[in-house]
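Given next are the chains, with one letter for each unit.
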Amino acid sequence: MNFQTATNYYEILELTERASPQEIRSAYLRAKAAYTKDSPALYSLISREEADSLLDQIEEAYQILSNTERRKEYDEQNSLGSGGHPTPAQPHRIVSIDRMPPMEAMGNEADILIPPTTDFQNDLRLPSKERGFEFAPPASTQLAPAPLAPAPTAPLTETSKEPALTPREIEEQQICLEIAAETEWRGSFLGKVRKSRHIAIEEMTGLTRINRGYLNAIELDDYAKLPASVFVRGFIAQLARTLKLPAEKAVSGFMGHFQKWILENPNKGR
Amino acid sequence: MANQDSRPIFPPPFTLPSAPIASTPAGRVKQVWAVGGGKGGVGKSLLASSLAISLARRNFKTVAIDLDLGGANLHTTLGVDLPRHTLSDFLSRHDHSLKNSLVNTGIPNLEMISGAKDSIGVANLPMDQQTRLLQELRTLDADYVVLDLGAGTGASTIDFFLSADVGMVAILPEPTSIENAYRFIKSAYYRKLATSSHLEPVAAIIQTALDPNNSLGIRSPSDLFREVNRASQEAGVRLKEVIDRFQPRLVMNQARTQTDIDVGFSVKSVCRKYFGIDLDYVGYLDYDSAVWQSVRRKRPVMLEFPNSRLVTSIERVTESLLKK
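Residues numbered from 1 in each chain as written. Chains lettered and ligands numbered in written order. Predicted model: local features only at pLDDT ≥ 70, side-chain atom pairs only at ≥ 80, totals over all residues.

Observations concerning the overall build of chain A
Consideration 1: Helices and strands together make up the secondary structure of chain A, namely twelve helices and zero strands.
Consideration 2: Each helix (α) and strand (β) of chain A, taken in turn from the N terminus, gives the series α-α-α-α-α-α-α-α-α-α-α-α.
Consideration 3: Pairs at least 24 residues apart make up 57% of the contacts formed inside chain A by residues separated by at least 6 positions. (Helix = DSSP H or I, 4+ residues; strand = E, 2+ residues; numbered from the N terminus. Contact = placed C-beta atoms within 7 Å.)

Have a look at this one:
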């Protein structure tokens, strides 16, 4: 029934991330009234089961957002709210004209799709040395096949003087190339990237605050053990950000598999 | 594979004359407002006539047009006797200009075109006449044109609604009214998608979706969105754009309690979840016995009971619409 799955608790309550406690309370009461059993607004359009499911989400959203501490924690986990918005380095507002579909009537910037390539490249160029991540080697140092012809006799360039790469650097370059070529974004790939970054699953639990069981289920693509879509979407976005992966692509890819599984397994309680 | 055998609800798509026509040298119309709602008796004519009077009072030159073909009575709510010239003259004679059907209402700045004295079957307006009417109304010498649409979801009614700059859906806080309003919104929604030139590459999928028992399993707008995205992600982006531009206004009539007023917000929320649209809840009209009293006197409630709560709430809705 839902036209587009809400991506966070604010969307469930139709609020902005900067909503005041009073606004949260009003939105909660309004949402409850809309989907409660006797609401005339549901008539002929929304089934009782769908309304119940929405009510569950509304309750859960309110439980978190109405509690100052829990809301702060949730905002930080999901880079939401006033304190945890994407840093300037994260290119969520970048628009690449060459990736725009040929639309005759363009809306405002919010209507424009975030260009995955630009997003991706910028993310790759944001090594987080604090966490020991090293990404995106310069083009001149990328792995390439051996030249067929003898090297020219010209003086050696700066590049050619660089020391040989360590096995770890080669491994990281290899995973960078795989990330660049990735289209599926299954949980198993996220697990592979995590391992390549030498992050233990316990450490990832600490970094993302995602339950270990859910992390395992994501990496094993064991969709039956995952919670509702709205939470999974947040998990994947958080994982992607932590691993410095293009979050839009990762969420879109993973959720595509997850939604397909839900459609094929309608009796799994979602 | 799209079900090619599914029969569309509507006639073949055509380009809806819309806002761009307003910029033609012959026209000065700033905006066309249309009042629909699906169900009869929800106050469409009351709302249309009251909005027209409210606009005229603000010194906007206004024309109210009764497009409730087959059930016209806008002239009565405006306190005008059965007019000599009506829309039927325009529709039956190709040499007859729409301007010649204008009738003075006796209210400064307000003229009307009545839909009374129509011929049997006029409710099913032929496409060429519909197009001619939609084009000519943009050329009228008026700041605002207010359309009073008929009940139901006939193709003409939906096209008139979609061609307006501001499309209002009038509802009552009752299940029957809400059911018909959803049906009306759904018809306009799919009609808008089916006539959008931006969505031609996925027109077959949209036509398939019009059949409620279609083979693709499209039972709701979210299903359609899924199928279109599956066919082409670019088409999915375009679909979202077209949907974002569909922004009907909602007016709750006969609100007796705060709960009644809140039903409007609930309808807005449900429409966001179900259709993915941002329904604009522009206001509510208080239940007021002034309405039936003025109807019996065949006088506009705006003039007969100028200090009533209803008139205050109509002025509020007008103000809200003008600010958009």
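Read on for the rest.
Overview of the overall build of chain B
Consideration 1: If you tally the helices and strands in chain B, you get 13 helices and eight strands.
Consideration 2: The burial tally for chain B puts 50% of its 324 residues in the buried class. (Buried ≥ 20, exposed ≤ 12 C-beta atoms within 10 Å, placed from the backbone.)

Considering the sheet that holds strand β7 (residues 249-255) of chain B
Residues and elements named next belong to chain B.
Consideration 1: Pairing is mixed in the open sheet, where eight strands are placed in the order β3-β4-β2-β5-β1-β6-β7-β8. The open sheet has two edge strands with one neighbour each: β3 (103-104) and β8 (280-286).
Consideration 2: Sheet strands touched by helix α13 (residues 309-323): β6 (166-171), β7 and β8. Its angle to β8, the strand with the most contacts, is close to 165°. (Pairing = 2+ DSSP bridges. Axes fitted to C-alpha atoms, helices over the stretch in contact; angles between N-to-C directions.)

Some points on the pairing of strand β1 (residues 31-36) of chain B
All names here are of chain B.
Consideration 1: Extensive coverage of β1 is indicated by the burial of five of its six residues.
Consideration 2: With five bridges connecting them, β1 and strand β5 (residues 144-149) associate as parallel partners. Its bridge partner lying in β5, Val-32 is registered against Val-145.
Consideration 3: Where β1 lies against β6, four bridges are found, and the strand directions are parallel. Residue Gly-36 lies in a different strand from β6, and its bridge partner there is Val-169.

Re helix α1 (residues 44-57) of chain B
Residues and elements named next belong to chain B.
Consideration 1: Counted at 1.5 Å a residue, the expected span for α1 with its 14 residues is 20 Å, and the 20 Å between its end C-alpha atoms agrees.
Consideration 2: When you tally the buried positions in α1, you get 13 out of 14 residues, the bulk of the element.
Consideration 3: Following α1 by one or two positions, Asn-59 has its phi on the positive side, about 70°. (Expected span 1.5 Å × (residues − 1).)

Overview of the environment of B:Ala204
Consideration 1: Within the secondary structure, B:Ala204 is located in helix α7 (residues 203-209).
Consideration 2: Taking C-alpha positions, B:Ala204 is 9.1 Å from B:Ala194, a pair spaced ten residues apart along the chain.

Overview of the interface of chain A and chain B
Consideration 1: Between chain A and chain B, the contact holds 23 residues from the first and 28 residues from the second.
Consideration 2: Here the residues of the side of chain A that touches chain B sort into 14 nonpolar, five polar and four charged. (Nonpolar A, V, L, I, M, F, W, Y, C, P; charged D, E, K, R; others polar.)

Re the confidence of the model for chain B
Residues and elements named next belong to chain B.
Consideration 1: Chain-level pLDDT for chain B is 87 on average; 90% of the residues reach the 70-or-more range.
Consideration 2: Per-element averaging of pLDDT across chain B places helix α3 (residues 87-92) at the bottom with 87 and β6 at the top with 97.
Consideration 3: Every residue in residues 1-25 scores below 50 in pLDDT, and together they form 43 contacts with partners more than four places removed in sequence or on other chains.
Consideration 4: The ipTM for the predicted assembly is 0.81, set against a pTM of 0.65. (pLDDT = per-residue confidence, 0-100.)

Quick word on unusual backbone geometry
Consideration 1: Its identity as a non-glycine residue notwithstanding, B:Asn59 has a phi of 70°, on the positive side.
Consideration 2: Mapped onto the secondary structure, B:Asn59 falls in the loop between α1 and β2 (62-67).

Regarding the packing of helix α8 (residues 221-231) of chain B against helix α9 (residues 233-244) of chain B
Residues and elements named next belong to chain B.
Consideration 1: Two elements in contact, α8 and α9, have axes whose closest approach is 5 Å; the angle formed by their N-to-C orientations is 140°. Only Gln-233, Ala-235, Gly-236 and Leu-239 of α9 make contact with α8, whose side of the interface consists of Phe-225, Val-228, Asn-229 and Ala-231.
Consideration 2: By residue class, the composition of the contact of α8 with α9 is five nonpolar, three polar and no charged.

Here we look at helix α8 (residues 187-196) of chain A
Residues and elements named next belong to chain A.
Consideration 1: Along α8, the positions that sit buried rather than exposed are Gly-187, Phe-189, Leu-190, Val-193 and Arg-194. Relative to the axis of α8, the buried residues are bounded by an arc of 160° and lie together on one face.
Consideration 2: Check the buried side of α8 and you find it contacts α7 (167-181), α9 (201-208), α10 (212-219), α11 (229-242) and α12 (247-264).
Consideration 3: Directly beyond the C-terminal end of α8, a positive phi value near 60° is found at His-198. (Arc of directions from axis to C-beta.)

As for the nonpolar core
Consideration 1: In this structure, A:Leu13, B:Trp33, B:Val145 and B:Leu147 are the most contacted members of the largest nonpolar core, which totals 121 residues.
Consideration 2: At nine residues, helix α6 (residues 175-194) of chain B tops the list of elements feeding residues into this core.
Consideration 3: Setting aside its immediate chain neighbours within four residues, A:Leu13 contacts A:Ile24, A:Ala27, A:Tyr28, A:Ala31, A:Ile58, A:Ala61, A:Tyr62 and A:Leu65.
Consideration 4: Core analysis: the second largest hydrophobic core is formed by 24 residues, A:Ile179, A:Trp185, A:Ala250 and A:Val251 among them. (Core = buried A, V, L, I, M, F, W, Y, C linked by C-beta atoms within 7 Å.)

Examining the pairing of β7(B)
Residue and element names in this part refer to chain B.
Consideration 1: With seven of seven residues buried, β7 is to be regarded as a mostly interior element.
Consideration 2: Across four bridges, β6 lies against β7 in parallel orientation. Bridge pairing in β7 places Ile-171 opposite Met-252.
Consideration 3: Here β7 runs beside β8; their pairing, made up of five bridges, is parallel.

Details of the environment of A:Ala51
Residues and elements named next belong to chain A.
Consideration 1: Residue position: Ala-51 is located in helix α3 (residues 48-65).
Consideration 2: On the neighbour-count criterion, Ala-51 (20 C-beta atoms within 10 Å) is buried.
Consideration 3: As a C-alpha pair, Ala-51 and Tyr-35 span 16 residues in sequence and 5.4 Å in three-dimensional space.
Consideration 4: Once residues within four sequence positions are removed from consideration, Ala-51 is found in contact with Tyr-35, Leu-42 and Ile-46.

Details of the environment of B:Val270
Consideration 1: Within the secondary structure, B:Val270 is located in helix α10 (residues 258-275).
Consideration 2: Considered as a pair, B:Val270 and B:Tyr182 are 88 residues apart in the sequence and their alpha carbons are 10.0 Å apart.
Consideration 3: Beyond its immediate sequence surroundings of up to four residues, B:Val270 is in contact with A:Ala34, A:Ala41, A:Leu42, A:Leu45 and A:Ile46.

A closer look at the confidence of the model for chain A
Consideration 1: When pLDDT is averaged across chain A, the result is 71; 66% of the residues are at 70 or more.
Consideration 2: For the stretch residues 83-162 of chain A, pLDDT sits under 50, and the model shows 71 contacts to residues farther than four places along the chain or on other chains.

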